[in-house]
Amino acid sequence: MQAKLTLRIEEELINTAKVYSERSGKSVSRIVADLFKSIQNNNSNNDITQNVSSLKGVIKNDTSVSDYKIHLESKYL
């Protein structure tokens, strides 16, 4: 569902947005919506990245490559 949104922005910025809109072939509304979608997507990606980053160092890694190869051989052979 779409809804109307009123923004208060400096006139110079509005003029810049209109020029950009004309050049890009997109309405100012579409440009603003795309911006918010981009922010939404980046935030959800950042949340995952931050959660994964917070786990760094939780598990001590003393496993060597040869230990890993031995594990794989015992698992799959």
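Reading guide: rules and limits
Residues numbered from 1 in each chain as written. Predicted model: local features only at pLDDT ≥ 70, side-chain atom pairs only at ≥ 80, totals over all residues. Heavy atoms only, no water. Helix = DSSP H or I, 4+ residues; strand = E, 2+ residues; numbered from the N terminus. Buried < 20%, exposed > 50% of the residue type's maximum accessible area, 1.4 Å probe, protein only. pLDDT = per-residue confidence, 0-100. Expected span 1.5 Å × (residues − 1). Salt bridge = Lys/Arg side-chain N within 4 Å of Asp/Glu carboxyl O. 1 Å grid on protein atoms, 1.4 Å probe; cavity = no way out; pocket = protein on both sides within 12 Å on 5 of 7 lines; lining within 4 Å. Points joined across faces, edges and corners; volume = space filled by probe spheres on them. Nonpolar A, V, L, I, M, F, W, Y, C, P; charged D, E, K, R; others polar.

### Overview of the overall build of the protein chain
Across its full length, the protein chain holds three helices and zero strands. Each helix and strand of the protein chain, ordered N terminal to C terminal, gives the series α-α-α. Per-residue burial for the protein chain yields a buried fraction of 1% across its 77 residues.

### Some remarks on the confidence of the model for the protein chain
When pLDDT is averaged along the protein chain, the result is 84, and 87% of the positions lie at 70 or above. Element-level mean pLDDT values for the protein chain span from 78 in helix α2 (residues 28–54) up to 94 in helix α1 (residues 11–24).

### A short note on α1
Compared with the 20 Å implied by 1.5 Å per residue over 14 residues, the 20 Å span of α1 between its first and last C-alpha is a close match. Phi for Gly-25, located one or two positions after α1, is positive at around 80 degrees.

### Regarding the pattern of salt bridges
One pass over the full model with this rule turns up two salt bridges. Of the charged contacts in the structure, one is a salt bridge between Asp-34 and Lys-26, with a shortest N-O distance of 3.1 Å. Of the residues examined, Asp-34 reaches a relative accessible area of 27% and is grouped as partly exposed. With its nearest N and O atoms 3.3 Å apart, the salt bridge here joins Arg-30 to Asp-34. You can see Arg-30 and its partner Asp-34 sitting in helix α2, four residues apart, about one turn around the helix. When salt bridges that share partners are traced, they join Lys-26, Arg-30 and Asp-34 into one network.

### Digging into the environment of Ala-17
Mapping Ala-17 onto the fold places it in helix α1. Residue Ala-17 is classed as partly exposed on the basis of its relative accessible area of 28%.

### Some points on the layout of surface pockets
Counted as a void, the largest pocket has a volume near 450 Å³. If you trace the largest pocket, you find 17 residues lining it, with Leu-5, Leu-7, Val-28, Ser-29 and Val-32 closest to the centre. Of all the elements in the fold, those that place two or more residues in the lining of the largest pocket are α1 and α2. Here the element with the most residues in the lining of the largest pocket is α2; it accounts for seven residues. Within the lining of the largest pocket, the residues separate by chemical class into 14 nonpolar, two polar and one charged.

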